[in-house]
Amino acid sequence: MSEATEQVIAGLEGVLACESSIAYIDGSIPELSFRGYDIHDIAQTLTFEQVTFLIWHDHIPSADELHTFSADLAGRRAIPKQITDVLSAMPSSGHPMAGLRTAVSMLGALDPRADDISPEDNLRKAQDLTAQMPTIVAAQARLQRGQEPITPDLSLSHAANYCYMLTGKRPDETTTRTFDTMLILYAEHETNASTFACRVVVGTESDFYSAVVAGIGAIKGPLHGGAIDEVMRMFLEIETPERTAGYVDQALAARRKLPGFGHRVYRAGDPRASQLRTMAEKLGVASGDDRWFAIATAAEQRMREAKGIIANVDYFAAPVLYHLGFPLNVFTNVVASARIVGWSAHMLEQYAHNRLIRPRARYVGHRGRKLGAN
Ligand SMILES: CC(C)(COP(=O)(O)OP(=O)(O)OC[C@H]1O[C@@H](n2cnc3c(N)ncnc32)[C@H](O)[C@@H]1OP(=O)(O)O)[C@@H](O)C(=O)NCCC(=O)NCCS
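In short, a report on the structure. If you're wondering where the values come from, they're calculated on a predicted model, not measured in any experiment.

## Focus on the sheet that holds strand β2 (residues 31-34)
The pairing of strands in a sheet happens through backbone hydrogen bonds and is either parallel or antiparallel. The strand order β1-β2-β3 describes an open sheet built from 3 strands, whose pairing is antiparallel. At either margin of the open sheet sits one strand with a lone partner, and together these are β1 (23-26) and β3 (37-38).

This is the structure in structure tokens:
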């Protein structure tokens, strides 16, 4: 086939761009597994630390391995003063994802071994960033509200400490378990746009931080992780369950895409959404305010009837984070700070089996123009 007649696959839909042994997705069932373990089995029974170890090392850690790994991760939570200074210099009206992107870039600038792309040093950077991104997200959220950042509590688990740094309250067991499960559900998702962006940067043998900055840039978009902030804004705008159907109908009539609906790979249902749906319902009941869950289910039903479009991971995750008391505009940052686990695993895989990622474009512009011929 000549270059001119080869088919363009818009959005690379369905294209297999690499081999990977990290996550398996079958959108038709739907099925999602990490390293061969079904997401429904691991999300409720393992901790974020166990799943992170599993995703990076391809086995569930033994008790000894988990103890060492968790203590090591906790010991990396502190951020250098230069990062807090950079975050303090960010305008309070700025997008929190701009703060996270800038802080990670600054961490790279401060790391004397930033350009060491050996597997050992890349794993060290994965550990540092997984531990430090929550501290950055929480510090920025507090600084933006004129509050002092909270020093990480090393005695708490990853999820419990993250909640504590964001809300100022040491969470109870149910809150910790809920947030831990949410972080697991977001930790990895094959070659989604941000993970692919990380792999593209690694493909040039650039450094780990540069690749993570690209991932943050990609996940910020409203078609990807940025949808979670938009979902909660939509629920707040709808305000009451009674207004929901009208809101959805109006949006569809205006051919507006509703945040939290649709997925490139899952057409029959997002397995992560079913877990988050249950979590959102329970939190609504426990808090005595089931308004957000009622709005969510009403809009979900209307979308199913009108377009047959499914709710994705961000749809029920938004009310979950809202009920946990997290500031409204940091939801995407929380998603990015969980996805660092998957980004890291994919980057390590890409470095280990690298081939420059360089697709072609079918040229549709002018050719053969002559200067001066107008
Ligand atoms: C995720 C997303 C980008 C996937 O896009 P995609 O694979 O390119 O799917 P398409 O845009 O081709 O959608 C197919 C059809 O469903 C419609 N559709 C998809 N998502 C929709 C949404 N959220 N609201 C309304 N209609 C939607 C499209 O308009 C299109 O309809 P048409 O065939 O009548 O033109 C898209 O569903 C979306 O923008 N969702 C909202 C943002 C979001 O929640 N992102 C988080 C994803 S985890």
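## Brief notes about the environment of phenylalanine 53
Checked against the element boundaries, phenylalanine 53 lands in helix α2 (residues 48-57). On the basis of relative accessible area, phenylalanine 53 is assigned to the buried category, the value being 7%. Placed 17 residues apart in sequence, phenylalanine 53 and serine 70 show a C-alpha to C-alpha distance of 9.2 Å. If we skip the residues at most four places from it in the chain, phenylalanine 53 touches Asp58, His59, Ile60, Pro61, Glu65 and Phe69.

## Notes on the nonpolar core
Membership of the largest hydrophobic core comes to 105 residues, with the highest contact counts inside it found for Phe179, Tyr315, Val334 and Trp343. Of the residues forming this core, the biggest block, 11 residues, is contributed by helix α16 (residues 331-352). Excluding its chain neighbours within four sequence positions, the residues that come into contact with tyrosine 315 are Val231, Met234, Phe235, Pro259, Gly260, Phe261, Ile295, Ala296, Ala299 and Glu300.

## Considerations on the side chain of aspartate 153
Among the structural elements, aspartate 153 can be located in the loop between α6 (119-144) and α7 (158-167). The exposure class of aspartate 153 is buried, given its relative accessible area of 14%. Among the polar contacts made by the side chain of aspartate 153, one reaches the side chain of arginine 170 at a distance of 3.1 Å. With residues up to four places along the chain from it excluded, the contact list for aspartate 153 reads Arg77, Asn161, Tyr164 and Arg170.

## Examining unusual backbone geometry
Residue proline 30 is bonded to the preceding isoleucine 29 through a cis peptide linkage, with omega at -5°. Looking at the element boundaries, proline 30 is found in the loop between β1 and β2. With a phi close to 65°, aspartate 58 is a non-glycine residue in the positive phi region. Take aspartate 58: it is sitting in the loop between α2 and α3 (63-74). Looking at aspartate 58, the relative accessible area reads 48%, which means it is partly exposed. Phi is positive for arginine 255, close to 60°, though the residue is something other than glycine. On the secondary structure map, arginine 255 appears in the loop between α12 (244-253) and α13 (271-287). Assessed through its relative accessible area of 75%, arginine 255 is described here as exposed.

## Topic: the site of the ligand
In the neighbourhood of the ligand, 19 residues make up the surrounding shell, with Lys257, Leu258, Gly260, Phe261 and Arg264 lying closest. Contact distances for the ligand include 2.7 Å between a nitrogen atom and a backbone N or O atom of leucine 258. Residue classes in the shell around the ligand are distributed as 8 nonpolar, 5 polar and 6 charged.

## Looking at the environment of leucine 32
Turning to its location among the elements, leucine 32 is positioned in strand β2. Measuring from C-alpha to C-alpha, the distance between leucine 32 and threonine 278 comes to 18 Å, with 246 residues separating the pair along the chain.

## Section: the state of the cysteines
This model, assessed by the stated rule, comprises 0 disulfides. With no disulfide of its own, cysteine 198 has cysteine 18 as its nearest cysteine by sulfur position, at a separation of 12 Å. The exposure class of cysteine 198 is buried, given its relative accessible area of 0%.

## Re the packing of helix α14 (residues 291-307) against helix α15 (residues 313-323)
One can describe the packing of α14 onto α15 by two numbers: an axis separation of 10 Å at closest approach and a directional angle of 175°. Of the possible angle classes, the one that applies to α14 and α15 is roughly antiparallel. Every residue of α15 that contacts α14 at Trp292, Phe293, Ile295, Ala296, Ala299 and Glu300 is listed here: Tyr315, Phe316, Pro319, Tyr322 and His323. Per-class residue counts for the contact of α14 with α15 are 9 nonpolar, 1 polar and 1 charged.

## Considering the packing of helix α4 (residues 81-89) against α6
Closest axis-to-axis distance for the α4/α6 pair is 9 Å, and the angle between their directions is 40°. Our classification of the angle between α4 and α6 gives oblique. Crossing hand, α4 versus α6: right-handed. Each of Ile83, Thr84, Leu87 and Ser88 in α4 lies in contact with α6, whose residues at this interface are Ile136, Ala139, Gln140 and Leu143.

## Comments concerning helix α5 (residues 96-110)
Here α5 spans 21 Å end to end across 15 residues, near enough to the 21 Å set by a 1.5 Å rise per residue. Within α5, burial applies to Pro96, Met97, Ala98, Gly99, Leu100, Ala103, Val104, Leu107 and Gly108. Taken together, the buried residues of α5 touch α4, α6, α10 (208-219) and α16.

Parameters at a glance
Within any chain, residue numbers begin from 1 and follow the written order of that chain's sequence. Where local features are concerned, this predicted model is filtered to residues with pLDDT of at least 70; where side-chain atom pairs are given and counted, the filter is 80 or more; whole-chain, interface and lining totals use all residues. Note that water and hydrogens are dropped before the side-chain values are worked out from all heavy atoms of the structure. Any two strands with at least two DSSP bridges between them are considered paired. A run of H or I in DSSP becomes a helix once it reaches four residues, and a run of E becomes a strand once it reaches two; helices and strands are each numbered from the N terminus. Burial classes: relative accessible area under 20% of the type maximum marks a residue as buried, over 50% as exposed, and values in between as partly exposed (1.4 Å probe, protein chains only). By definition, residues are in contact when any of their heavy atoms lie within 4.5 Å. As used in this record, nonpolar core signifies buried Ala, Val, Leu, Ile, Met, Phe, Trp, Tyr and Cys residues forming a set joined through side-chain atoms within 4.5 Å. Polar contact is the term for a pair of N or O atoms within 3.5 Å; when the atoms are in protein, one must be able to donate a hydrogen and the other to accept it, and sequence-neighboring residues count only if both atoms are side-chain atoms. Summary of the distance rule: residues count as near a molecule or strand when at least one heavy atom falls within 4 Å of that molecule or strand. Three categories are distinguished: nonpolar for Ala, Val, Leu, Ile, Met, Phe, Trp, Tyr, Cys and Pro, charged for Asp, Glu, Lys and Arg, and polar for the others, with Gly belonging to the last. In plain terms, two cysteine sulfur atoms within 2.5 Å form what is called a disulfide here. The axes are straight lines fitted to the C-alpha atoms, using for helices just the contacting stretch, and the angles between their N-to-C directions are given from 0 to 180°. Note on angle classes: values under 35 degrees are labelled roughly parallel, values over 145 roughly antiparallel, values of 65 to 115 roughly perpendicular, and the remainder oblique. Whether a crossing is left-handed or right-handed is set by the direction in which the near helix is turned from the far one by less than a right angle, anticlockwise for left-handed and clockwise for right-handed. A helix's residues, less one, multiplied by 1.5 Å, set its expected span.

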